[in-house]
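Here is how the chains run, residue by residue.
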Amino acid sequence: MSAQSTPIVLAQGLSKTYRIAEKQPGLKGTFRHLLRRRYRDLEAVKGIHFAIEEGEMVGFLGPNGAGKTTTLKMLSGLIHPSSGELLVAGAKPQRRQARFLQDITLVMGNKQQLIWDLPPWDSIRVNAAVYGIPEGVMQRRVRELADLLELGEELHRPVRKLSLGQRMKAELLTSLLHEPRVLFLDEPTLGLDVTAQGRVRDFLATYNRRTGATILLTSHYMGDITALCERVLLIHEGALFHDGPLGELTSRLAPHRQVRLELQQPQPRQVFEAFGTVESHQEHQVQLLVPREQLTETVAALLGRFDVLDLEVSDPPIEELMRSLFQQAGENEA
Amino acid sequence: MTSARAAIRIARTLLSTQYAYMLEYRAEIALWALSGVLPLIMLGVWQNSGAASQAGWNPGQLRHYFVAAFLVRQFSVVWLIHVFEEDVVSGKLSPFLLQPLQPLWRYFAAHLAEQATRIPFVALMLLALAWVNPALLWVPTPENLALGIAAIWGAFLLRFLLQTLSSMLCFWSERAAALDRLLVIPYLFLSGLVAPLDTFPPAIKTVALATPFPAMVDFPARLLAGLPVDIGAGFLSLMLWCGLLSPLCWLSWRRGLRRYGAMGA
């Protein structure tokens, strides 16, 4: 196998178990916690396998507590896996070797590396020194990244005076100064308005195209995933639920397709119940859910039986599917 | 870029950035400087008590000792554990761990920058002392000044390493700073901050000299004040304690990092 075909991220049987102290409420619980502490093991990630090729943009999805951030922390070397093998850019992340750290970055929407009371330029200078980026190269990269991110004067203003969107863009600029080959992005558009979200998405797409960097992105905004990632990993209760194209995930999560009909003549609701689940019914318009495997014959039967002015077949929106999956996960947790 | 040049660039950038950061908090640092007047209070307590003769000094030497102890304290303050505890508990340590630089260097640079920010406030306080009583101040010989400054830096390094070691407990406990509060007691009494070591009963003095604390205040203060002191033994003690603590810090860092959960991040 040639070196080029080795995945840039490779996880094999990756697991992480946290040992958590449990305390019962009340005074009795407090004393018991003090004298005879009880622990339980929480399996945050359960033996997941996946490989990512250089230059891929992969969405990493899952409800809260599914194990996304734990996985990202292991991939970036912040925490040690409990078991399994992990290779990122040819290195074991937990060893935190300088070469590995030069190759990666982790941007967290809820954490920042920028120095709060100083302008982003000061953090940029520190990063340039730490990563050994010559002054001229730093100036050029900052110019290029600032252009892409539409940042200018903001780089000279104290971070505390910047808006959330400006801060995130400055954070991205600072994190990408050393031109990492692998970007781990944890909710980079968290809390941003629609315009700022769009800018960050455009930037990531352009950056990936220009540099060929590999991007693993978690986001609760499905717009980020649909706009950027052809492939998604879906983690659920610590286990990998799906690894493949976004379209396949839709098929898997939604075994039905939506069929919308516009009719020449109004028909009673009951006549459609033989064709699928009736989602809505008005005089001339009907919306049905039809099992995927029966779609062709059902559509043919509908066209044969009724005078159809218009017919549209679609998948339910991915946002709805994810919402229902996450909701289900939340209910199970409760 | 050679590694030495790269290291110099990192040091220069970290120090200048941290200095800019500390200047943002200059008012707070001025208050910290003011809060370090314990040796001057102790001077007020001891100066008419016969402590000078008990130590074999004249009253002027006692005054100079406590003013020197005040300066040593100002430039060897270490607050690492308090920020480190917060950074570990809240996950703020994570961005530092993602970069190819040992995170402790950032905290070290922050301390040096804070000392530099303190200089004008300490100078003002010395001027105020001179105005109140000119006999409190003296001009040290160039040799005493150079050795005194070297010993103050050694004291700072020793305190930094000792607190680095206790800070590593933050990886195991969320309240490791409590240990530092416990260490304040032996530091106050055995370092010579509250009273010169020569005024201690011989047995207590022997115990004190077996700890790292006298090297943190008594030794540099005596050097700076031009009082009799065993220079070789003082620097040897500083080197031995630093040499002992450095590998312990390194080992506990490596072990602690395995337990780091990057909480909150």
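What counts, and where the lines are drawn
The residue numbers shown here count from 1 along each chain, following its written sequence. Here chains are named by letter from A upward and ligands by number from 1 upward, in the order in which they appear as written. Two thresholds apply to this predicted model, a pLDDT of at least 70 for residue-level local features and 80 or more for giving and counting side-chain atom pairs, whereas whole-chain, interface and lining totals are computed over all residues. In this description a helix means any DSSP run of H or I spanning at least four residues, a strand means any run of E spanning at least two, and both kinds are numbered starting from the N terminus. The globule rule used here is 2.2 Å times the number of residues to the 0.38 power, and the radius of gyration it is set against is calculated over C-alpha atoms. Neighbour counting defines burial: a residue surrounded by 20 or more other C-beta atoms within 10 Å of its own C-beta is buried, one with 12 or fewer is exposed, and intermediate counts give partly exposed, using backbone-placed C-beta atoms. Pairing between strands is defined by DSSP: at least two bridges between the two strands are required. Between the N-to-C directions of two axes lies an angle of 0 to 180 degrees, each axis being a line fitted to C-alpha atoms and, for a helix, fitted only over the stretch in contact. Our contact criterion uses C-beta atoms placed from the backbone: two residues qualify when those atoms are within 7 Å. When residues are grouped by polarity, Ala, Val, Leu, Ile, Met, Phe, Trp, Tyr, Cys and Pro land in nonpolar, Asp, Glu, Lys and Arg in charged, and all others, Gly among them, in polar. We define the nonpolar core as any set of buried residues of the types Ala, Val, Leu, Ile, Met, Phe, Trp, Tyr and Cys, connected via C-beta atoms lying within 7 Å of each other. Any angle that is under 35 degrees is reported as roughly parallel, and any over 145 degrees as roughly antiparallel; angles of 65 to 115 degrees are reported as roughly perpendicular and all others as oblique. We call a crossing left-handed when the near helix sits turned anticlockwise from the far one by less than a right angle, and right-handed when that turn is clockwise. For every residue, the predictor assigns a confidence score, pLDDT, that lies between 0 and 100.

1. Quick notes on the overall build of chain B
Within chain B, the secondary structure is distributed over 13 helices and 0 strands. Along chain B, helices (α) and strands (β) appear in the sequence α-α-α-α-α-α-α-α-α-α-α-α-α when read from the amino end. Its C-alpha atoms give chain B a radius of gyration of 19 Å, near enough to 18 Å, the size a compact globule of 265 residues would have. Dimensions of chain B along its principal axes, counting C-alpha atoms only, are 55 × 40 × 35 Å.

2. Comments concerning the overall build of chain A
Scanning chain A from terminus to terminus reveals 11 helices and 13 strands. Dimensions of chain A, computed from the C-alpha atoms along their principal axes, are close to 75 × 60 × 50 Å. The proportion of buried residues among the 334 residues of chain A is 37%.

3. Things to note about the sheet that holds strand β4 (residues 83-88) of chain A
All names here are of chain A. If you trace the 3 strands from one edge of the open sheet to the other, you get β2-β1-β4, paired in antiparallel fashion. Lying at the two open borders of the sheet, with one neighbouring strand each, are β2 (38-52) and β4. Adjacent strand axes in the sheet meet at a mean angle of 30°, parallel and antiparallel pairs treated alike. With 11 bridges connecting them, strand β1 (residues 9-22) and β2 associate as antiparallel partners. By the bridge assignment, A21 is partnered in β2 with Y39. Sheet strands in contact with helix α2 (residues 68-75) are β1, β2 and β4, and its direction is about 120° off that of β1.

4. Notes on the interface of chain B and chain A
With 23 residues of chain B at the interface, the matching set in chain A holds 25 residues. Elements that contribute at least two residues to the side of chain B that touches chain A include exactly α1 (3-24) and α7 (93-97) of chain B. In terms of residues, the side of chain B that touches chain A owes the most to one element, α1 of chain B, which gives 9 residues. In the side of chain B that touches chain A, the residues fall into 14 nonpolar, 6 polar and 3 charged.

5. Considering the nonpolar core
In this structure, F184 of chain A together with A68, A69, V72 and A155 of chain B are the most contacted members of the largest nonpolar core, which totals 133 residues. Tallying contributions element by element places helix α5 (residues 59-74) of chain B first for this core, with 9 residues. Dropping the residues within four chain positions of it, A69 of chain B is found in contact with P39, G192, L193, V217 and A221 of chain B. With 8 residues, the next largest nonpolar core counts L261, F272, F275 and L302 of chain A among its residues.

6. Comments concerning the packing of helix α2 (residues 26-34) of chain B against helix α8 (residues 104-132) of chain B
Residues and elements named next belong to chain B. Packing of α2 against α8 leaves a shortest axis separation of 9 Å and a crossing angle of 60°. As judged from the angle between their axes, α2 and α8 are oblique. Like other packed secondary-structure pairs, α2 and α8 cross with a definite hand, here right-handed. Where α2 approaches α8, its residues R26, I29, A30 and A33 are matched on the opposing element by E114, T117, R118, F121, V122 and M125. Looking at the contact of α2 with α8 residue by residue, the class counts come to 6 nonpolar, 1 polar and 3 charged.

7. Thoughts on the confidence of the model for chain B
Across chain B, the average pLDDT comes to 92, with 98% of residues at or above 70. Reported confidence for the predicted complex is 0.88 by ipTM and 0.86 by pTM.

8. Section: the sheet that holds strand β7 (residues 214-218) of chain A
Residue and element names in this part refer to chain A. Spatial ordering of the open sheet is given by β5-β6-β7-β3-β8-β9, a layout of 6 strands whose pairing is mixed. At either margin of the open sheet sits one strand with a lone partner, and together these are β5 (104-108) and β9 (239-245). Ignoring strand direction, the axes of neighbouring strands in this sheet form an average angle of 15°. Along the sheet, helix α9 (residues 246-253) makes contact with β8 (231-236) and β9, crossing β9 at roughly 125°.

9. Thoughts on the pairing of strand β6 (residues 182-186) of chain A
Residues and elements named next belong to chain A. With 5 of 5 residues buried, β6 is to be regarded as a mostly interior element. Residues V182, F184 and D186 of β6 are buried on one face, and the alternating residues L183 and L185, pointing to the opposite face, are buried as well. Direction of pairing for β5 relative to β6: parallel, over a ladder of 5 bridges. Bridge pairing in β6 places M108 opposite D186.

10. Comments concerning the pairing of β8 of chain A
All names here are of chain A. Here strand β3 (residues 57-61) runs beside β8; their pairing, made up of 4 bridges, is parallel. Bridged to F60 within β8 is L233. For β8 and β9, the ladder comprises 6 bridges, and the chain directions are antiparallel. If you follow R231 over to β9, its bridge partner there is P245. Linking β8 to β9, which pair antiparallel, is a turn of 2 residues; within it E237 sits at a positive phi near 50°.

11. Details of the packing of α1 of chain B against α8 of chain B
Residues and elements named next belong to chain B. One way to put it is that α1 packs onto α8 with a least axis distance of 8 Å and a crossing angle of 55°. Relative to α8, the element α1 is oriented oblique. Between α1 and α8 lies a crossing of right-handed hand. Residues L14, L15, Q18, Y19, M22 and L23 of α1 form the contact with α8, whose own contacting residues are W105, R106, A109, A110, L112, A113, E114, A116 and T117.

12. Brief notes about unusual backbone geometry
Residues and elements named next belong to chain A. Located in the positive-phi region is E179, a residue other than glycine, with phi close to 50°. Mapped onto the secondary structure, E179 falls in the loop between α6 (164-176) and β6. A tally of 16 C-beta atoms within 10 Å means that E179 is categorised as partly exposed.

13. Thoughts on the environment of Q258 of chain A
Residue and element names in this part refer to chain A. Checked against the element boundaries, Q258 lands in strand β10 (residues 256-263). Separated by 200 residues in the primary sequence, Q258 and V58 place their C-alpha atoms 27 Å from one another. Those residues in contact with Q258 that sit more than four places away from it in its chain are Q287, L289, S314 and P316.

14. Quick look at the environment of K205 of chain B
Mapped onto the fold, K205 of chain B is located in helix α11 (residues 202-209). C-alpha of K205 of chain B to C-alpha of S76 of chain B: the two residues are 129 residues apart in sequence and 22 Å apart in space.

15. Some thoughts on the environment of I8 of chain A
Residues and elements named next belong to chain A. Tracing the chain through its elements places I8 in the segment before β1. I8 sits 243 residues away from S251 along the chain, and the two C-alpha atoms are 28 Å apart. Apart from the residues within four sequence positions on either side, I8 is in contact with I52, E53, E54, A89, R181, V182 and T214.

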